[in-house]
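Coordinates in review
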Amino acid sequence: MTLPIDRVVRTAWRTNMFTDGDRPIPEETAIAFTYNAMSYAVMMATPQDLEDFALGFSLTEGIVSSADEIERLDIVENEIGIELRMWLAEPRGVAFGERRRHLAGPTGCGLCGIETLAEAMRSPPRVHKGQFVTPKEIMQALASVPSLQVINRETRATHAAAFWEPHLGIVDLREDVGRHNALDKLAGALAREHVAGRTGIVLLTSRVSVEMVQKAAAMDVPLIVAVSAPTALAVRTADAAGITLVAIARGDGFEIFTHPYRVAQRQAANVA
């Protein structure tokens, strides 16, 4: 597989001197999402794992509730970007058309396909109880992520979202220049492989904003582990969704912000 990486000429200044050379950097492309020939969103993203991206974005944004509701996906490349053309099965197609017709007004709030504050601040679904994990397992899961970040290992410029399961380790990992995109791609990969979100935990190499928690809740993921800090709204949203939010997870430990009961001193395997 060819990685979406380019090499560019650059001049570096280090140790009080200039040196010429080149550097690998990730590609970034405009990706347009359309449903039944109606435009919905354009994301700047890494042009890889596009089937996963199309399905995962559709699921986490609530466009569809299952992969079966997308009848066809056409990936159309042109000079300025890539279009993901999806055709929805009925009655989902009719519902989407009605939703688009009811979006009114010349301006939006800046989120994909969302033009009201109520939609942006939608209540997340409650997740299932899911797995219990030990601190040791969390640290082991985190430690296994960097070696799987193929693009980031070359460029130091992409985020990753990974899914870890007890006794299996990391079962899927997706990378992207956008943290939301990486999580959407992971959601799509899990859905295509029929992996239930409640069976494991999501690992993020980024900070945790409210959208990341909303997407994890849509995936029915009970536990998020992130290397950076969450926002206050993300903490409140995780609490409302019943998600255990672990953040500032580094080599020396981590901090638990919501529902700490899932992080136990002993191993348990209780899946609701």
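Provided above is the structure to which this section pertains.
Conventions used here
Residues numbered from 1 in each chain as written. Predicted model: local features only at pLDDT ≥ 70, side-chain atom pairs only at ≥ 80, totals over all residues. Heavy atoms only, no water. Helix = DSSP H or I, 4+ residues; strand = E, 2+ residues; numbered from the N terminus. Buried < 20%, exposed > 50% of the residue type's maximum accessible area, 1.4 Å probe, protein only. Arc of directions from axis to C-beta. Contact = heavy atoms within 4.5 Å. Pairing = 2+ DSSP bridges. Axes fitted to C-alpha atoms, helices over the stretch in contact; angles between N-to-C directions. Phe/Tyr/Trp six-rings, centres within 6.5 Å; stacked < 30°, edge-to-face > 60°. Lys NZ or Arg CZ within 6 Å of the ring centre and 35° of its normal.

What to know about unusual backbone geometry
- In this chain, Glu90 is followed by Pro91 through a cis amide linkage whose omega measures 5 degrees.
- Of note in this structure, Asp49 is not a glycine but carries a positive phi near 55 degrees.
- Summarising the element assignment, Asp49 is placed in the loop between strand 4 (38-45) and helix 1 (50-60).
- The phi angle at Asp220 is positive, at roughly 65 degrees, despite the residue not being glycine.
- Note that Asp220 resides in the loop between helix 7 (210-218) and strand 10 (223-226).

Considering helix 8 (residues 232-241)
- Along helix 8, the residues that are buried comprise Ala234, Val235, Thr237, Ala238 and Ala241. Within helix 8, the buried residues cover an arc of 165 degrees as seen down the axis, which keeps them to one side.
- Buried residues in helix 8 make contact with helix 7, strand 11 (244-250) and strand 12 (253-258).
- Just past helix 8, the residue Gly242 takes up positive phi, approximately 80 degrees.

A few points about the sheet that holds strand 12
- Strand order in the open sheet formed by six strands is 8-7-9-10-11-12, and the pairing between neighbours is mixed. Two strands close off the open sheet at either side, each with one partner strand: strand 8 (169-176) and strand 12. Neighbour to neighbour, the strand axes of the sheet diverge by 20 degrees on average, direction disregarded.
- Across three bridges, the pairing between strand 10 and strand 11 is parallel. Bridge pairing in strand 11 links Val225 to Val246.

What about the environment of Val225?
- Following the sequence through the fold, Val225 ends up in strand 10.
- A relative accessible area of 0% places Val225 in the buried class.

Observations concerning the packing of aromatic side chains
- Across all of its chains, the model carries seven aromatic pairs by this definition.
- For the pair Tyr35 and Tyr40, a centre-to-centre distance of 5.8 Å together with 85 degrees between the ring planes defines the contact as edge-to-face. Neither residue differs from the other here; Tyr35 and Tyr40 are each classed as buried.
- Measuring from centroid to centroid gives 5.9 Å for Tyr40 and Phe96, while their planes differ by 50 degrees, and the two rings are tilted. Here the residue Tyr40 occupies a position in strand 4, and Phe96 occupies one in helix 2 (residues 92-101), the gap between them amounting to 56 residues.
- Here Tyr40 falls in the buried class, since its relative accessible area comes to 5%.
- Classification of Phe96 by relative accessible area gives buried; the value is 4%.
- Clustering of aromatic rings is evident, with ring pairs tying together Phe33, Tyr35, Tyr40, Phe53, Phe57 and Phe96.
- The ring of Phe53 has Lys185 sitting right over it, with the charged end atom 5.5 Å from the ring centre.

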